[in-house]
Amino acid sequence: MVISDSARLLFVHVQKTGGSTIHNRLTEVLPDARQVKGVDRHGTLGQILRAEPELSTYWTFGIVRNPWARMLSWFRMVERFRDSEQDGERRLDRKNQFIRSVAETCPDFESFIMKGLDEFSRLQTPQWRYLATKTRRADMIGRQESLEADLRAVQARFAIPWEPLKSVNIDRTRPDYKAGPELGGRDTRYRSEYTDEMARRVEAAFARDVTAFGYEF
(Lines give C-alpha, C1' and ligand atoms only; values in the text may rest on other atoms or scores of the structure.)
Protein backbone atom coordinates (compact mmCIF):
# COMPACT_ATOMS: atom_id res chain seq x y z
CA MET A 1 0.00 0.00 0.00
CA VAL A 2 0.93 3.63 -0.33
CA ILE A 3 -0.76 6.45 1.59
CA SER A 4 -0.31 10.18 1.07
CA ASP A 5 -2.02 12.28 3.73
CA SER A 6 -1.35 15.52 1.88
CA ALA A 7 -2.99 14.18 -1.31
CA ARG A 8 -5.55 12.13 0.64
CA LEU A 9 -4.64 9.18 -1.57
CA LEU A 10 -4.61 5.45 -0.77
CA PHE A 11 -3.19 2.81 -3.10
CA VAL A 12 -4.14 -0.78 -2.22
CA HIS A 13 -1.54 -3.24 -3.50
CA VAL A 14 -3.08 -6.42 -4.91
CA GLN A 15 -0.33 -8.98 -5.35
CA LYS A 16 0.93 -9.81 -8.86
CA THR A 17 -0.80 -6.94 -10.64
CA GLY A 18 2.13 -4.59 -11.23
CA GLY A 19 1.77 -3.13 -7.75
CA SER A 20 5.47 -3.07 -6.88
CA THR A 21 6.13 -0.80 -9.84
CA ILE A 22 3.31 1.52 -8.77
CA HIS A 23 4.43 1.42 -5.13
CA ASN A 24 7.98 2.39 -6.05
CA ARG A 25 6.88 5.22 -8.30
CA LEU A 26 4.41 6.68 -5.80
CA THR A 27 7.03 6.48 -3.07
CA GLU A 28 9.42 8.43 -5.30
CA VAL A 29 7.01 11.23 -6.20
CA LEU A 30 4.97 11.64 -2.99
CA PRO A 31 7.18 13.14 -0.24
CA ASP A 32 4.90 11.94 2.56
CA ALA A 33 4.31 8.43 1.18
CA ARG A 34 3.81 5.94 4.01
CA GLN A 35 2.22 2.63 4.98
CA VAL A 36 -0.01 1.59 7.88
CA LYS A 37 2.03 0.24 10.75
CA GLY A 38 1.22 -3.35 11.61
CA VAL A 39 -0.51 -4.07 8.28
CA ASP A 40 1.19 -6.06 5.52
CA ARG A 41 2.05 -4.03 2.44
CA HIS A 42 -0.42 -6.24 0.58
CA GLY A 43 -3.11 -5.61 3.17
CA THR A 44 -6.74 -5.55 2.05
CA LEU A 45 -8.81 -2.40 2.14
CA GLY A 46 -10.69 -3.86 5.11
CA GLN A 47 -7.48 -4.47 7.07
CA ILE A 48 -6.23 -0.98 6.30
CA LEU A 49 -9.45 0.71 7.37
CA ARG A 50 -9.67 -1.29 10.58
CA ALA A 51 -6.24 0.02 11.49
CA GLU A 52 -6.92 3.61 10.38
CA PRO A 53 -10.67 4.21 9.89
CA GLU A 54 -10.08 7.83 8.86
CA LEU A 55 -8.57 6.59 5.60
CA SER A 56 -12.07 5.71 4.42
CA THR A 57 -12.39 9.31 3.18
CA TYR A 58 -9.22 9.10 1.05
CA TRP A 59 -9.47 8.56 -2.70
CA THR A 60 -8.58 4.90 -3.11
CA PHE A 61 -7.43 2.88 -6.07
CA GLY A 62 -5.98 -0.52 -6.92
CA ILE A 63 -5.20 -2.71 -9.92
CA VAL A 64 -6.61 -6.13 -10.84
CA ARG A 65 -5.47 -8.71 -13.37
CA ASN A 66 -6.80 -11.63 -15.37
CA PRO A 67 -6.78 -14.41 -12.74
CA TRP A 68 -5.28 -17.03 -15.09
CA ALA A 69 -2.39 -14.74 -15.97
CA ARG A 70 -2.06 -13.69 -12.34
CA MET A 71 -1.69 -17.26 -11.08
CA LEU A 72 0.99 -17.97 -13.67
CA SER A 73 2.81 -14.84 -12.52
CA TRP A 74 2.60 -16.12 -8.92
CA PHE A 75 4.17 -19.40 -9.97
CA ARG A 76 6.93 -17.70 -11.96
CA MET A 77 7.88 -15.83 -8.78
CA VAL A 78 8.00 -19.14 -6.91
CA GLU A 79 10.23 -20.55 -9.65
CA ARG A 80 12.60 -17.58 -9.41
CA PHE A 81 12.78 -18.00 -5.66
CA ARG A 82 13.52 -21.72 -6.01
CA ASP A 83 16.28 -20.95 -8.51
CA SER A 84 17.82 -18.36 -6.21
CA GLU A 85 17.77 -20.82 -3.32
CA GLN A 86 19.55 -23.39 -5.47
CA ASP A 87 22.15 -20.75 -6.29
CA GLY A 88 22.78 -20.26 -2.57
CA GLU A 89 20.78 -17.08 -1.97
CA ARG A 90 18.97 -17.81 1.30
CA ARG A 91 16.69 -15.07 2.60
CA LEU A 92 14.72 -15.68 5.74
CA ASP A 93 12.04 -12.97 5.92
CA ARG A 94 8.42 -13.99 6.42
CA LYS A 95 7.45 -13.44 2.79
CA ASN A 96 10.10 -15.83 1.57
CA GLN A 97 9.24 -18.44 4.17
CA PHE A 98 5.78 -18.53 2.61
CA ILE A 99 7.20 -18.78 -0.91
CA ARG A 100 9.57 -21.52 0.20
CA SER A 101 6.63 -23.53 1.55
CA VAL A 102 4.80 -23.13 -1.76
CA ALA A 103 7.91 -24.12 -3.71
CA GLU A 104 8.39 -27.26 -1.64
CA THR A 105 4.74 -28.27 -1.99
CA CYS A 106 4.29 -27.38 -5.66
CA PRO A 107 7.19 -28.49 -7.88
CA ASP A 108 5.40 -27.54 -11.12
CA PHE A 109 2.62 -25.27 -12.34
CA GLU A 110 -0.01 -28.02 -12.41
CA SER A 111 0.54 -28.87 -8.75
CA PHE A 112 0.57 -25.15 -7.94
CA ILE A 113 -2.94 -24.82 -9.39
CA MET A 114 -4.46 -28.17 -8.45
CA LYS A 115 -2.88 -28.51 -5.00
CA GLY A 116 -1.51 -25.13 -3.99
CA LEU A 117 -4.84 -23.33 -4.28
CA ASP A 118 -6.29 -25.75 -1.74
CA GLU A 119 -3.38 -25.73 0.69
CA PHE A 120 -2.42 -22.03 0.80
CA SER A 121 -5.24 -19.67 1.69
CA ARG A 122 -3.15 -16.66 0.71
CA LEU A 123 -3.24 -17.80 -2.91
CA GLN A 124 -7.03 -18.07 -2.80
CA THR A 125 -7.78 -14.47 -1.82
CA PRO A 126 -9.92 -12.98 -4.61
CA GLN A 127 -8.87 -9.58 -5.88
CA TRP A 128 -12.24 -8.00 -5.13
CA ARG A 129 -11.64 -8.67 -1.42
CA TYR A 130 -8.54 -6.47 -1.52
CA LEU A 131 -10.50 -3.56 -2.92
CA ALA A 132 -13.92 -3.66 -1.28
CA THR A 133 -15.58 -3.99 2.10
CA LYS A 134 -19.26 -4.18 2.99
CA THR A 135 -19.42 -0.38 3.14
CA ARG A 136 -16.53 0.88 1.00
CA ARG A 137 -15.19 0.14 -2.45
CA ALA A 138 -12.09 1.53 -4.12
CA ASP A 139 -12.88 4.67 -6.08
CA MET A 140 -10.98 3.41 -9.09
CA ILE A 141 -10.16 -0.20 -9.98
CA GLY A 142 -7.71 -0.25 -12.86
CA ARG A 143 -6.48 -3.24 -14.82
CA GLN A 144 -3.01 -4.59 -15.33
CA GLU A 145 -3.97 -5.07 -18.97
CA SER A 146 -4.38 -1.28 -19.36
CA LEU A 147 -1.97 -0.26 -16.64
CA GLU A 148 -0.27 2.70 -18.28
CA ALA A 149 -3.54 4.33 -19.36
CA ASP A 150 -5.20 3.79 -15.99
CA LEU A 151 -2.25 5.27 -14.14
CA ARG A 152 -2.38 8.34 -16.36
CA ALA A 153 -5.85 8.96 -14.91
CA VAL A 154 -4.39 8.87 -11.40
CA GLN A 155 -1.56 11.14 -12.52
CA ALA A 156 -4.02 13.66 -13.95
CA ARG A 157 -6.22 13.64 -10.85
CA PHE A 158 -3.38 14.35 -8.46
CA ALA A 159 -0.96 16.16 -10.78
CA ILE A 160 1.69 13.55 -9.96
CA PRO A 161 4.88 13.71 -12.05
CA TRP A 162 5.11 10.50 -14.03
CA GLU A 163 7.18 8.71 -16.64
CA PRO A 164 6.44 5.60 -18.74
CA LEU A 165 6.54 2.55 -16.51
CA LYS A 166 9.24 -0.08 -16.46
CA SER A 167 7.99 -3.10 -14.57
CA VAL A 168 10.23 -4.43 -11.77
CA ASN A 169 8.62 -7.86 -11.51
CA ILE A 170 9.21 -9.40 -14.93
CA ASP A 171 11.63 -12.19 -15.72
CA ARG A 172 13.32 -10.69 -18.79
CA THR A 173 15.35 -13.86 -19.34
CA ARG A 174 12.28 -15.85 -20.37
CA PRO A 175 12.11 -16.53 -24.11
CA ASP A 176 8.52 -15.24 -24.30
CA TYR A 177 9.36 -11.88 -22.68
CA LYS A 178 8.07 -8.84 -24.52
CA ALA A 179 7.99 -5.36 -23.06
CA GLY A 180 4.47 -4.48 -24.13
CA PRO A 181 1.92 -6.88 -22.60
CA GLU A 182 3.30 -6.78 -19.05
CA LEU A 183 2.72 -3.03 -18.96
CA GLY A 184 -0.70 -3.10 -20.61
CA GLY A 185 -2.54 -4.72 -23.50
CA ARG A 186 -4.19 -8.12 -23.82
CA ASP A 187 -1.72 -10.97 -23.36
CA THR A 188 -3.00 -14.53 -23.74
CA ARG A 189 0.32 -16.40 -23.72
CA TYR A 190 -0.61 -17.89 -20.35
CA ARG A 191 -3.20 -20.14 -22.05
CA SER A 192 -0.61 -22.60 -23.29
CA GLU A 193 0.43 -23.32 -19.68
CA TYR A 194 -3.03 -24.60 -18.70
CA THR A 195 -4.87 -27.87 -19.17
CA ASP A 196 -8.67 -27.66 -19.32
CA GLU A 197 -8.87 -28.97 -15.76
CA MET A 198 -6.43 -26.37 -14.48
CA ALA A 199 -8.31 -23.57 -16.25
CA ARG A 200 -11.59 -24.69 -14.66
CA ARG A 201 -9.93 -24.84 -11.23
CA VAL A 202 -8.84 -21.21 -11.48
CA GLU A 203 -12.25 -20.16 -12.74
CA ALA A 204 -13.90 -21.84 -9.75
CA ALA A 205 -11.42 -20.41 -7.24
CA PHE A 206 -11.78 -16.86 -8.53
CA ALA A 207 -15.38 -16.89 -9.71
CA ARG A 208 -16.06 -13.57 -7.98
CA ASP A 209 -13.19 -11.88 -9.84
CA VAL A 210 -14.31 -13.37 -13.15
CA THR A 211 -17.83 -12.02 -12.60
CA ALA A 212 -16.93 -8.69 -11.02
CA PHE A 213 -14.29 -7.69 -13.56
CA GLY A 214 -15.49 -9.54 -16.67
CA TYR A 215 -12.41 -11.68 -17.15
CA GLU A 216 -12.34 -14.81 -19.27
CA PHE A 217 -9.79 -17.46 -20.09
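Scroll up for the structure.
Here's a quick rundown of the structure. (Residues numbered from 1 in each chain as written. Predicted model: local features only at pLDDT ≥ 70, side-chain atom pairs only at ≥ 80, totals over all residues. Heavy atoms only, no water.)

Further remarks concern the pairing of strand S2 (residues 9–12). The alternating pattern of S2 places Leu9 and Phe11 on one face and Leu10 and Val12 on the opposite face, and all of these are buried. Alignment of strand S1 (residues 2–4) against S2, held across three bridges, turns out to be antiparallel. Bridge pairing in S2 links valine 2 to phenylalanine 11. Between S1 and S2, which pair antiparallel in sequence order, lie four residues; one of them, arginine 8, sits at a positive phi of approximately 55°. Bridge analysis of S2 against strand S3 (residues 59–64) gives four bridges, and the strand direction is parallel. Counted as the bridge partner of leucine 9 is tryptophan 59 from S3. (Buried < 20%, exposed > 50% of the residue type's maximum accessible area, 1.4 Å probe, protein only. Helix = DSSP H or I, 4+ residues; strand = E, 2+ residues; numbered from the N terminus. Pairing = 2+ DSSP bridges.)

Trans is the prevailing form of peptide bonds, just as negative phi is the prevailing case for residues other than glycine. With a phi angle near 65°, lysine 16 is a residue other than glycine that sits in the positive phi range. By relative accessible area, lysine 16 is classed as buried at 10%. Positive phi is not limited to glycine here, since alanine 159 has a value of about 50°. Residue classification places alanine 159 among the exposed positions, given a relative accessible area of 66%.

This part is about helix H8 (residues 147–158). With twelve residues, H8 extends 17 Å from end C-alpha to end C-alpha; this agrees with the ideal 16 Å at 1.5 Å per step. Where H8 is buried, its residues meet S2, helix H1 (19–29), S3 and strand S4 (140–143). Following H8 by one or two positions, alanine 159 adopts a phi angle in the positive range, close to 50°. (Expected span 1.5 Å × (residues − 1). Contact = heavy atoms within 4.5 Å.)

Residues Met71, Phe109, Phe112, Ile113, Leu123 and Tyr194 are the most contacted members of the largest nonpolar core, which totals 27 residues. Contributions of two or more residues to this core are made by helix H3 (67–86), helix H4 (94–105), helix H5 (109–119) and helix H10 (196–205). With nine residues, H3 is the largest single contributor of residues to this core. If near-sequence neighbours (up to four positions away) are discounted, leucine 123 is found in contact with Met71, Trp74, Phe98, Phe112, Gly116, Leu117 and Phe206. (Core = buried A, V, L, I, M, F, W, Y, C linked by side-chain atoms within 4.5 Å.)

Bringing the side chain of histidine 42 into the picture now. Looking at the secondary structure, you find histidine 42 in the loop between H1 and helix H2 (45–51). Histidine 42 gets classed as buried once you look at its relative accessible area, which sits at 12%. Separated by 3.3 Å, the side chains of histidine 42 and glutamine 15 make a polar contact. (Polar contact = N/O pair within 3.5 Å; in protein donor to acceptor, adjacent residues only side chain to side chain.)

For the rest of this paragraph, the subject is the pattern of salt bridges. Close approach of charged atoms allows side chains of opposite charge to pair. If you walk through the whole model with that rule in mind, you get seven salt bridges. We note a salt bridge from glutamate 28 to arginine 25, for which the minimum N-O separation is 3.5 Å. Of this pair, glutamate 28 and arginine 25 both sit in helix H1, three residues apart, which is roughly one turn of the helix. Residue classification places glutamate 28 among the exposed residues on the basis of a relative accessible area of 61%. Since its relative accessible area comes to 14%, arginine 25 is described here as buried. A salt bridge links glutamate 79 to arginine 76; the shortest N-O distance between them is 3.0 Å. (Salt bridge = Lys/Arg side-chain N within 4 Å of Asp/Glu carboxyl O.)

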